[in-house]
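For reference, the chains in residue letters:
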Amino acid sequence: MRSGKGAIGFCSKTAIMLGSAGLFAACMAPATRAANPETASPARERSVENAGVADPQIWSTATDPVPENPAIEARIAELLAAMSIEQKVGQIIQADLGSVTPEDVARYHLGSVLNGGNSAPGGQAYATGPEWLAEADRFHAASVRPQDGLPTIPLIWGSDAVHGHNNVIGATLFPHNIGLGATRNPDLMRRIGEITAVEMRVTGLDWTFAPTIAVPQDDRWGRTYEGFSEHPEIVASYAAPLIEGLQGEVGDSDWLTGSHIIATAKHFLGDGATEGGRDQGDSIVSETELRDIQAAGYIPAIEAGVQSVMVSFSSWQGRKMHGNRSLLTGVLRDRFDFGGFLVGDWNGHGQVAGCAATSCAQSVNAGLDMYMAPDSWRDLYTNTLAQVRSGEISMARLDEAVARILRVKLRAGIFDAGPPSSRELAGQFDLLGAPDHRAVAREAVRQSLVLLKNENDALPLRAGQHILVTGDGADNAMKQSGGWTLTWQGTGLTPDDFPGATTIWQGLDHAADRHGATTELSETGEFDHRPDVAIVVFGENPYAEFQGDIDDVAFRDTANSLELLRNLRGQGIATVAIFLSGRPLWVNRYLNASDAFVAAWLPGSEGGGVADVLFGDHDFSGRLSFSWPRDATQAVLNIGDENYDPLFAYGYGLSYAAPGRVGPLSEDSGLATESRSEPGLIYGRGETPAGYRFYLAGSDGAAVTIGGTGAASGDISARRIDHVSQEDSWRLSWTGAGTATAAIEAPAPLNWARESNGDIALEVTWRVIQAPSRSVSLMMACGDNCAGQWEIGGLLGVLPTAEWTTTSFPLSCFADRGADVERISTPFALRTAGALELDIARIALGSGNEARQACP
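Conventions we followed
Residues numbered from 1 in each chain as written. Predicted model: local features only at pLDDT ≥ 70, side-chain atom pairs only at ≥ 80, totals over all residues. Heavy atoms only, no water. Helix = DSSP H or I, 4+ residues; strand = E, 2+ residues; numbered from the N terminus. Buried < 20%, exposed > 50% of the residue type's maximum accessible area, 1.4 Å probe, protein only. Contact = heavy atoms within 4.5 Å. Phe/Tyr/Trp six-rings, centres within 6.5 Å; stacked < 30°, edge-to-face > 60°. Lys NZ or Arg CZ within 6 Å of the ring centre and 35° of its normal. Expected span 1.5 Å × (residues − 1). Arc of directions from axis to C-beta. Polar contact = N/O pair within 3.5 Å; in protein donor to acceptor, adjacent residues only side chain to side chain. Pairing = 2+ DSSP bridges. Disulfide = S-S within 2.5 Å.

Asks: Tell me about the environment of phenylalanine 809, and name the residues and values.
Replies: Positionally, phenylalanine 809 belongs in strand β28 (residues 805-810). According to the relative accessible area criterion, phenylalanine 809 is buried, its value standing at 0%. Residue contacts for phenylalanine 809: discarding those within four places in its chain leaves Ala761, Leu762, Val764, Trp766, Leu778, Trp790, Ile792, Leu795, Phe814 and Gln853.

Next up, the structure:
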C-alpha cells in the first residue's frame, strides 16, 4: 500500500488549461508517495469499523459554476407536486436497451435507457446511424406518451462514447485515452469532445458516459487504457476541456444543447487504485492518496459544469462506493458542490453489502440518484417502490434524486427538444466520420505516438525504399481500435465494420506512393521482393474492463511476433516495431529485436497518422504518460514512488530532433514462471495457463494429464494436431465403449460472479471430425455435488464437419443450471458415452460475439 504525502490542492481553471508537463508547478505541489508507507493519515487513524469512511473536512472545496435558474426550479417544484410515486421511482431507474422496450418505458415511467457495450437497436451487436436515430425516436415517443394526467417527462439515453461515438458503424474513432495522455494537449481534448458530441447528436443520443478521469496506478488493470495518465497533473488538465468540448461552456447559449450533449465524469472514486489492479476491486490507499491522486480530475470537471458523475464499481478500504455516503454525499455533494446527478454503474448497487441487483435502498440513501439496472430494472422498480412506501427510502431523498435528474433534463432542453430526429444535426449522417473529424483523429494519432528506440538509421522511412509491412496488426482496424469499439470487447469484427477507416498498412501504402517508396503487405513476413525495412505491427488483442485484467505486465504474444522480428533482422533487414497496447508492457525482447520501436497505443480508425510520422512528415512529439516497466513484475510503477526504477520514465520520448540509444536490454522477465496466456484464456496454443490441468478420465475412473505428444485413459484419447502453428491443438477421440470425459481443472476455485453478471461467455474454438453418436454434456463443476450442465450433442451434430468454428456459451446459463460461479473448480468439461472425435484449439472467456448459444 502506498500513501500520499502532501495535499495537492487544486489549480484554477486558467492554470489547468495551460496543459504543459509542469502545469501545476505554480499552483500545487506535485503528487508524490511517501517513502514510508506507514506515514500517518486520517484514514489510518480510524478504527476498523470506520474503514472506508471519509472525513469531508480534509477535502478541498469547489463551487458549482451553474447559477440557479428560478424558472427551472419552479418547474421542478411543479413537476414533483404533480408526479406519482410510481413515476418518481421510474425516473431514478435506467434500463439497458437489450432488456427493455419502448412499452416498458411508458409503463414504468423510466427516466433513462442506455446501450451497454453489446446492446444496439433491433437486438443487433452494433448498428448504423439511421438505425440508432430511429430507435431513439421510438423510446422518446414512449416516454412522452400521455398517461392519466401525469406530467410527461422525456427520457435521456446514455452511451459509452469513450473514444468517439464508438458504438456506431462509420463513426470517427479517436485514440483511446492512454494515447491522448501522451499528446500533452488539452486543446486537442476540447476538439475531440466537440466532434464526439456532434456525431452523437446525428444519431439522436444526448448523454455520454465519458470522460474517464481515473488515475491508474497498477497497469494490470484491464481499464488502464481508459486513463490518460498515472499522474494526476495530466488527468486534471484534460478534464475541463474535454467536458467543455462535449457540453459547451457554462453560460453559453448552446451549453448542453444544439451540437453539445451531457457528459459524465467517471468512476467516482478510486477505480484506478484497486489492489492488484483488479477491476471492481478494493482501493486500500489512504484518504490522502484517494483525495490527492484519485480525485484530482473531479474538481476541474465540476468547475467545468459536468452534469453527471458515475459511481465506481470499486470499494475504498472495503466499503463499496455505491453505498459510501461519506464520499457520495459528504465529499462529492457537500464539499465539491456537485450540482448534477449521480448515476450508478452496471448493477453496481447490487455489490453493496446487504444488497442485490434487484433491491438496494442503501445506494439511494448514500446519495445515488439513478440506478443503472440494465437487466434487473423491473424487480428493482418493484422493490424500490415498496421501500419508498415503507419509509426505508424517505420521500425527501426520492424527491431530491428526482429533482437532480429533472434539473439536468431541463438544463439540456430535453423537455422542449421534441423527438430526437427533429433536433439540431439529427440525421446528418455525412457527419459520421466526416473528413474534418477524421483529420482531428489523425492529428491525435500523430501526437500520441511515442518513439522508444530509433537506431541504425531505421526511421524516418525514405524515398526509394522497398518496405515490407507485416504482423497481425498491420491491416487490422479491429486490433488498432481496441475495446469499446462497436462491441463491448471490441472483438468479433470484420473490415466491413469499419467503413472509411484507414488501417496502419493502408496509411503506409498511401504515404509510400507520395514519398516515392514501394510497399508489400504480408502478415506472415514472407516477401516477394527483399525489403530494405520491415514494419512489424503487433500487440495486445482487444479487451475491455475485467476481461483485460492480467497477473503481470509481460506482453503475451499470440501471433509469434518476436520470431517474426528476429527472423527479419537475422536476414539483415532493418526492423521497425509498431506496438499496439492498452498499457505499457514488458517487451525487452522485442526492443532488442527492433532497430526502432514505437508505442502506438490504440490509435483508432485513423491509421494514416502512423505513416505521417514514420515517413517524417511530422516528428515524434508524444511523451509517456505512464512509466514503462524494466521487468514484468513492475505492474505498480508510478513517478514519485520510492525506489522508482523504470526502463523508460514518465515523460520519456525520443524524436528525430532528439534521438537516443537503447540497450541491449536484459531479457530476464523477473517472473519465476512465464506464461503465454492472454487474459481469460483457459486453453490455447496447445497448453493451459500455469497451474491448470487438462486431463482425460475414462470409464474406469483413471485420470491422465494431457501432455507430451498424446494421452489416453480408458475410452478416450488425445493427440496433438496443427491449427495455426505446429502442434497447437488437440484431437480428442471418444470410442463410445463407455462414459469418458475431457476436462480442465483450475489451480484454485475461480470466482466468475462479475463475469457472469457482465454477460461474459465461454468461447470454444473447435472442429468436429466425427459427430457424436450419443448425447454430449458441456459442464462446469464447482466442487462436490455442484455443477452446471449443458446438453450440446445436437449442436455438435449440426456444426460443419472438418471446419474450424467458434461457439460461445454464456456463463449465466451455467449459473442458471446449478453452477456456483463464485467457486468454479472445473471451468470446462466434455462428457459422453458415445463415439465422438473433436479438435479443440482454444477455450477462453470472451464477450460471446461469435455463435452465441441461447440458454438451454
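There is more to say after this.
Asks: Please provide a residue-by-residue account of the packing of aromatic side chains, values included.
Replies: The final tally for this structure, using the stated rule, is 26 aromatic pairs. A ring pair is formed by tryptophan 207 and phenylalanine 209, whose centres lie 5.1 Å apart and whose planes are at 75 degrees; its orientation type is edge-to-face. Classification of tryptophan 207 by relative accessible area gives buried; the value is 0%. Taken together, Phe538, Phe555, Phe579, Tyr590, Phe597, Trp601 and Trp628 form an aromatic cluster joined through their ring pairs. Arginine 184 extends its terminal NZ or CZ atom over the ring of tyrosine 650, reaching a point 5.2 Å from the ring centre.

Asks: How would you sum up helix α2 (residues 70-82)? Please name residues and give values.
Replies: Spanning 13 residues, α2 covers 18 Å between terminal C-alpha atoms, matching the ideal 18 Å at 1.5 Å per step. Taken together, the buried positions of α2 are Ile72, Ile76, Leu79 and Leu80. Around the axis of α2, the buried residues are gathered within 95 degrees of arc, so they sit on the same side. Across from the buried face of α2, at angles greater than 90 degrees, the exposed residues are Pro70, Ala71, Glu78 and Ala81. Buried positions along α2 lie against α3 (85-91) and α14 (395-411). Its side-chain oxygen placed 2.9 Å from the backbone nitrogen of alanine 71, asparagine 69 serves as the N-cap of α2.

Asks: Could you give me a rundown of the sheet that holds strand β11 (residues 371-372), with the residues and numbers involved?
Replies: With parallel pairing, five strands are arranged side by side in an open sheet as β4-β3-β2-β1-β11. A single partner strand is all that each edge strand has here, and the edge strands are β4 (207-208) and β11. Sheet analysis places strand β1 (residues 93-96) next to strand β2 (residues 112-115), joined by three bridges and oriented parallel. When the bridges of β2 are listed, aspartate 96 appears paired with leucine 114.

Asks: Give a description of the state of the cysteines that names residues and reports values.
Replies: With the rule as written, the count across this model stands at three disulfides. Here cysteine 355 engages in a disulfide with cysteine 360; their sulfurs sit 2.1 Å apart. Handedness of the cysteine 355-cysteine 360 disulfide follows from its S-S torsion of about 65 degrees: it is right-handed. Neither cysteine 355 nor cysteine 360 differs from the other in exposure class; each is buried. Across a sulfur-sulfur distance of 1.7 Å, cysteine 813 and cysteine 855 are joined as a disulfide pair. Measuring handedness by torsion sign, the sulfur bridge of cysteine 813 and cysteine 855 sits at about -70 degrees and is left-handed.

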